[in-house]
Each structure stands twice: as C-alpha cells, then as structure tokens.
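# Coordinate inspection notes
Below, each chain spelled out in residue letters.
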Amino acid sequence: MKFMKIGTRLDAILTKEATRYVTLDVSSDLTVQVNNTKYLLHKFPLLSKCGLLQQLCDPTNSDNQTVELHEIPGGEEAFELCVKFCYGISINLSAHNIVQALCASHFLQMNDALEKGNLTNKLEYFFGSVLQAWKDSILALQTTQALPTWSENLNITGRCVDAIARKIWTDLTNVTWSYTYTRAGFIRKAHAGAPRDWWTEDVADLDLQFFRRVILVVRSSIPPALVGEALHVYACQHLPDELDPNSSGSVVKHREILEFIVSQIPTRKGSVSTSFLLRLLRLANQFCVSDRVVAKIMRLAGRQLEEAKLVDLLKLRTSPSCSTSFNYIDMVKAMAEHFLVEHRRTSCPDSGERQSDSERSHQSMTRVAKLIDSYLFQIAADPNLPVTKVIELANTLPDNARADHDDLYRVIDTYLKEHPDISKSEKKNLCHKLDCRKLSTDACMHAVQNDQLPLRTVVQVLLQEHVRAAMAMSPVGLHGNMKAMLSAPTRDMAKDMTLATKGKDPMNGRMMASNVNGQRSIDQSSGEDHQRRGMTSPPVLDKATIEAVEVDQASEIAEEDDSKSRTGSKVVNFSGRPVASEVTQDGHSKKKMKPKRMPSIFSMIAKLTSKLPIQKQR
C-alpha cells in the first residue's frame, strides 16, 4: 500500500468537550461548525487556500465569524485533513482516506487558482499513483461507496474501475503485484506466471454495484470461462447456503445478487459448472426470484446435465417451496427436456467427420439416463410422491437413452413397495416404459417373483426368459419373424403372440412359410422331427397359472367396460367393433353381446414355446 505525507509541523489541534481548536498565540477569529463538532480556527491560513471560505467570510471584518459546513463530503475527518494542510501540520494519506480528502478539497475549492501547489493538485497526483497498485485500486473503489454522488461527479469511481480493468487485461507474465489467491492445490512457486483467474477473489470483495461495473467492462475482452469463474467466486462469498428466516432485509440483497449473477452467466456451454447452476437454482427457489431467472438457470443447467451429480439434484428438495408441491421433480424434468434439445442440436450421426462428437453425444445421453434413474430411485421411497410424477420423469428420455433397464426396474420396485395401494391402471402405466428385453438375468429373476408387478409385466419377463433359454439350447434358433417380433422396440407383444399362435407372421399378418434355406418353419415342425433330431419340447406353463391370468385379464376387461359405460364412451370388443345395446324402460342401456375376451398371454406363451426345439440335456 502506498502512503503520502504532507506537512512538517506537529499536530497542534486539541479537543475540549465538543470543540476542536488550534494552539496558537493568536486568538481564534473563525468558528466553523461541522455537524456536531465546533472548530475554533483563524481566517488567515484558511481563507488563502479555501475558495469556499473566501465566499462565506469577510476578510476585512475583524470580528469572529461563524460558518456552517454540514454538507462537506467526508464529514469532520475530511475537513480536519484540509485544516491541517492549511496550518502546515503533517497529514498521512493512503488508499483509505484519499477519496474523502479529494472530495473535501474539491468542496472547499482548494485549487491552484488560489495558491500554487494547493491541496487538490497534490491529492490528484497521489490518487494517480494509488491507481497504479492493484489492491490500492480495489480499496479506493470500496471507499467511494460512502460518497457516491461526489465520487461519480468527480469521476473517481470510473477511474478506479478503469484501473482495475486494465490490471485484469494485463498479460499473465507481467502480473508482478500482490493478489489474493487461495485455491486448493495451487503452489505459486511452481508456476511461472499468475493463474488466469488471479483477480477473481479480490474483485469478489467489492460491493455488488462496483462488482457489476467491473464485470460489465471486462466481460467482452476475456474468455467466458473467466467470467463464469468470477461469478462463481462472488456467489460463494456473498450468497449463503441456506436462507435465514429471521433476516428479511438480507433476502432482498441476496435476491439482487443472484439475479445479477444469472444475468451475466455467458451463454457458451461449460462457462460455469453444472453444480454451481444447481446451487443457484436451489437458492432461487428460496429467495423467490422471478420465473424468468429460474427458467434461464434450468435452461443452462439442462444443456450440460450430463455433468450433474446426484447429490446436487437431491438438494433441490430442501427448498421449502418445493418440498411439499414436488416442484423439484418438474425442475429436473424441465432440465432433462433442455438436455434433449441440446442433444438433438449437436448430434450429427450421418457425418463421418463428426463421428467422435456423435459418440460423445451418445455417452452424454447414457449418463443422463443413468442420472435420472438414480434420482428416481432416491425419491421413489417418498410415501407422498404421486405416481404421475415418476411416470412423467421416466418417460422424458427416449427409448434408446437407456442401455439397460435394471435401474428403471429398481425405481418401479421401490415405488411399488412403498405404495402398495395404487390401482392396477397406475401400475400398468408405471411399468409401461419398462423394456423386459433390456433386463439382466438377475433383474428378470427378481421380477418373476415380484408379486407387486402387474401380471402382464411378469408375463413379458417370462416370455423373454423362456425364449432366451430356447435360443441358447436350440441348434436351429428362432424363426426370423419371431426374432423380429421380439426385437421390435414398440410393438404390441400380446397382439403379435396372438398372430403367432394362428400361424401368421407377426410382422405383416401373413402365414409363416419356409425360410430361405428350405427348412420348415418352427410352426410347421412336427413332433416326429423333434424326436428325429433328438429334441424335446420345453416345459409348458401350468394350468393354474394360466387360469389366474385369465381371471385377471377378465377383471381388467370388466373394469374398462364399466369405466367406458360411466363416461358415456362406446363399448367396443377386441375386434374394434362397437357392442350393440338396447334401451330399457327405466332408461338404462342393456348390452346385447359381450366383448370377446382376448386369449390368455400365458396360453399364447405356452403354445409358442411348446413348438420351440430344445436340445435334450444329457
């Protein structure tokens, strides 16, 4: 820090009660009142250097005159510095008091027009040297907060901001001054130059109004990552981790800081970390910022959601405004949708030059799917969580996002255990996204024994495992059309199996014929062929299980028909034709024929798999 000393005489100003006076042999002929302090002074040294006192006093009048200077910037302290200069008493100047002394000298009009080498000229010279030092510039800018009007009118604030900006733009090899840098793992001696963000901690000490001016000046000339780092450091120093309910005044200040930080985040992806954005989102809910600010945070965080950590997503639940209304799930869903928009924009699978980018894009999608499933698993145990929230968030990602569905099955299993009373239709909707073809063997074994799952889902798991076992032991394998049916991503499995049991191709409804190698299809193979090849039929599902599924399906059909009749919808059978009805005398509708019941899924599995050739075990 730089210092400047002016004057040689010892301090001769004494205090008696609320009066300050100079110990001279000559009696006082000028009384100056500054706020609550009275100064007994002399006209001769003051009027010759102070243009304002010349205007307020009559130098020819020998009587004691009183002048009030309540509006002097800096108050008693700044006025006393000017008085000491007039009497030749030594004063010490530094970045702490240069601003108030400079404003007071301009107020008293202590310029060179009255006397060469007057105080204002000396202070301007020293102020220029203060701006050459990094930390002195920061300190001088902070002191302008006490005198905002005078500092702006004299351009003191602007000169401080410009000096700080010039230091930030300096080449790193020329940064030789002292600065504050407390990053973990940084050893200054091991680095030839200063780190790129050497200035962020010192600038973060500024008040918001000055920090805003510095950022607005430098942001167009520095990389976006540096702007983001400066905003991150400032938020860490000025924003709390939790809201203090007892301090309403601080909420307004924190809201203003947060809104400014969000407004200055660069649009380039990766300028700030996803963890920082999620922290801002959590604080935004606590401080009740505008919806526009919240939407921008979610958009920025969603673009780089693959970098998010599960613990940061779970912290969104701690907000009082989100814990009861489950808005935090809607926020995660919105961020996932923004990620999909960014993913579709950046993925270019048809371009050979962007193959590496396409692979990275696919990896990002897989990481987000893993993150969403892990998040759902953590919140699924909430007894108050509506099933619609789980379904909406699980369905946000496309079908190809999940490499396997083991994590999704864990979510469904956890939710069903904590919510055993949900309806069958809700269970069906919850399991709709689950693809049994993507379940591991362990997950399939668990699903088959899970009595909370809908029977339709259990049937699909059994079919996959049964066919998988048949394919593993069959020397011929499945018919090509059957393979296509099992590998089709979004087909109605029950309908396909119904066609297959009738000997038709599930893919086009035509009768299955021989394959291109001249071999007979599986549906045309006879028992004699099985015996000749040393094959045996697989075990058929027991009759009791088939009947249980048929009863369950019949109850589902009855529920659907009853629901449609209550809502006024037309009742249709499984062929798609409406059921005829007649109106009775009491005005009620009476059905003339019942809808045809669909064949049991278990029956179709048994019929299909009984025809699959299985190698005899020795």
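Residues numbered from 1 in each chain as written. Predicted model: local features only at pLDDT ≥ 70, side-chain atom pairs only at ≥ 80, totals over all residues. Heavy atoms only, no water.

With that out of the way, let us pick up the overall build of the protein. For the protein, the helix and strand inventory stands at 28 helices and 11 strands. A total of 618 residues make up the protein; the buried ones form 45% of that total. Long-range pairs, those at least 24 residues apart, make up 67% of the contacts in the protein with a sequence separation of at least 6. Just so you have it, the protein exposes about 32,100 Å², and 51% of that area is on carbon and sulfur atoms. (Helix = DSSP H or I, 4+ residues; strand = E, 2+ residues; numbered from the N terminus. Buried < 20%, exposed > 50% of the residue type's maximum accessible area, 1.4 Å probe, protein only. Contact = heavy atoms within 4.5 Å. Areas by Shrake-Rupley, 256 points an atom, 1.4 Å probe, with all protein chains shown as cover.)

In this model, helix α20 (residues 406–418) (13 residues) spans 19 Å end to end at C-alpha, consistent with the 18 Å of a helix rising 1.5 Å per residue. Burial within α20 is extensive, with 10 of its 13 residues counted as buried. Listed as buried for α20 are Asp406, Asp407, Leu408, Tyr409, Val411, Ile412, Asp413, Thr414, Tyr415 and Leu416. (Expected span 1.5 Å × (residues − 1).)

Moving on, we get to the sheet that holds strand β6 (residues 65–68). As summarised here, the arrangement of the 5 strands in space is β2-β3-β5-β4-β6, forming an open sheet in which the pairing is mixed. Lying at the two open borders of the sheet, with one neighbouring strand each, are β2 (13–16) and β6. Across the sheet, the mean angle from the axis of one strand to that of its neighbour is 25°, orientation sign disregarded. Direction of pairing for strand β4 (residues 30–34) relative to β6: parallel, over a ladder of 4 bridges. (Pairing = 2+ DSSP bridges. Axes fitted to C-alpha atoms, helices over the stretch in contact; angles between N-to-C directions.)

On to the packing of aromatic side chains. Both the distance between ring centres and the angle between the ring planes are used here to describe each pair of aromatic rings. The tally for this structure, following the rule as stated, stands at 8 aromatic pairs. Aromatic side chains Phe211 and Tyr234 sit 4.0 Å apart centroid to centroid with 10° between the ring planes, which places their arrangement in the stacked category. Taken together, the positions of Phe211 in helix α10 (residues 208–218) and Tyr234 in helix α11 (residues 224–238) put the pair 23 residues apart, joining distant regions of the chain. Judged by relative accessible area, which is 1%, Phe211 ranks as buried. On the basis of relative accessibility, which here comes to 1%, the residue Tyr234 falls in the buried class. On the numbers, 6.2 Å between centres and 80° between planes, the contact of Phe211 with Phe260 is edge-to-face. (Phe/Tyr/Trp six-rings, centres within 6.5 Å; stacked < 30°, edge-to-face > 60°.)

Of note in the backbone geometry, Glu17 takes a positive phi value of approximately 55° without being a glycine. One non-glycine residue with positive phi stands out, namely Asn35, at about 55°. Positionally, Asn35 belongs in the loop between β4 and β5 (37–41). According to the relative accessible area criterion, Asn35 is partly exposed, its value standing at 31%.

The subject of this paragraph is the pattern of salt bridges. Throughout the structure, instances matching the rule amount to 19 salt bridges. Between Asp241 and Arg279 there is a salt bridge, with its nearest N and O atoms 3.1 Å apart. Here Asp241 is found in the loop between α11 and α12 (248–264), whereas its partner Arg279 is found in helix α13 (residues 274–287), with 38 residues between them in sequence. Judged by its relative accessible area of 48%, Asp241 falls in the partly exposed class. Salt-bridge contacts for Asp330 lead to Lys389; the nearest nitrogen and oxygen are separated by 3.0 Å. With a gap of 59 residues between them, Asp330 in helix α17 (residues 327–346) and Lys389 in helix α19 (residues 387–394) connect regions that are remote in the sequence. (Salt bridge = Lys/Arg side-chain N within 4 Å of Asp/Glu carboxyl O.)

Time to look at the confidence of the model for the protein. When pLDDT is averaged across the protein, the result is 80; 72% of the residues are at 70 or more. Counting interchain partners and residues more than four positions distant, the pLDDT-below-50 stretch residues 498–541 has 86 contacts. Residue range residues 589–598 is modelled with pLDDT below 50. Its contacts to residues more than four positions away, or to other chains, number 30 contacts. (pLDDT = per-residue confidence, 0-100.)

Next up on the list: helix α23 (residues 455–473). Three or four residues apart is the spacing at which side chains of an α-helix point the same way, because the helix has 3.6 residues per turn. Across its 19 residues, α23 extends 27 Å between first and last C-alpha, which sits within 8% of the 27 Å expected from 1.5 Å per residue. Burial in α23 covers these residues: Thr457, Val458, Val459, Val461, Leu463, Gln464, Val467 and Ala470.

The side chains of a regular strand alternate, first on one face of the sheet and then on the other. Taking every second residue as pointing to the same face, the buried face of β5 carries Thr37, Tyr39 and Leu41, while none of Lys38 and Leu40 on the other face is buried. Relative to β5, strand β3 (residues 19–22) runs parallel, the two sharing 3 bridges. Across the sheet, residue Thr19 finds its bridge partner in β5, namely Lys38. Alignment of β4 against β5, held across 5 bridges, turns out to be antiparallel. In the sheet register, Gln33 faces β5, and the bridge partner there is Lys38. Hairpin connection between β4 and β5: a loop of 2 residues separates the two successive antiparallel strands, and Asn35 in this loop has a positive phi of roughly 55°.

Another point: the nonpolar core. In this structure, Leu69, Phe79, Leu108, Val203, Leu258 and Met335 are the most contacted members of the largest nonpolar core, which totals 154 residues. Considering every element that reaches this core, the biggest residue donor is α17, with 9 residues. Not counting residues within four places of it along the chain, the set of residues in contact with Val203 comprises Trp134, Ile138, Ile164, Ile168, Phe211 and Val214. (Core = buried A, V, L, I, M, F, W, Y, C linked by side-chain atoms within 4.5 Å.)

The subject of this paragraph is the side chain of Thr144. Of note, Thr144 is situated in the loop between α6 (134–143) and α7 (148–153). Among the polar contacts listed, one links the side chain of Thr144 to the backbone oxygen of Leu141, at a separation of 2.5 Å. Once residues lying within four places of it in the same chain are set aside, the contact partners of Thr144 are Val99, Ser151, Ile156, Thr157 and Phe210. (Polar contact = N/O pair within 3.5 Å; in protein donor to acceptor, adjacent residues only side chain to side chain.)

As for its placement among the helices and strands, Gly193 is situated in the loop between α8 (156–168) and α9 (200–203). When the C-alpha atoms of Gly193 and Asn174 are compared, they prove to be 7.9 Å apart, with 19 residues separating the residues in sequence.

Okay, the side chain of Gln304 next. Inspection of the secondary structure assignment puts Gln304 in the loop between α14 (291–303) and α15 (310–314). Look at Gln304 and you get buried, because its relative accessible area is 3%. Dropping the residues within four chain positions of it, Gln304 is found in contact with Lys269, Gly270, Val272, Ser273, Thr274 and Leu277.

Let's shift gears to the packing of α20 against helix α22 (residues 441–448). Angle between the axes and distance between the axes are the two parameters that describe a pair of packed helices. Remark: α20 packs on α22, axes separated minimally by 10 Å, with the N-to-C direction vectors making an angle of 25°. The angle between α20 and α22 falls in the class roughly parallel. Considering the relative orientation of α20 and α22, their crossing is left-handed. The residues of α22 that touch α20, namely those facing Asp406, Tyr409 and Asp413, are Ala443, His446 and Ala447. Each residue belonging to the contact of α20 with α22 can be placed in one class, and the counts come to 3 nonpolar, 1 polar and 2 charged. (Parallel < 35°, antiparallel > 145°, perpendicular 65-115°, else oblique. Left-handed = near helix turned anticlockwise from the far one by under 90°. Nonpolar A, V, L, I, M, F, W, Y, C, P; charged D, E, K, R; others polar.)

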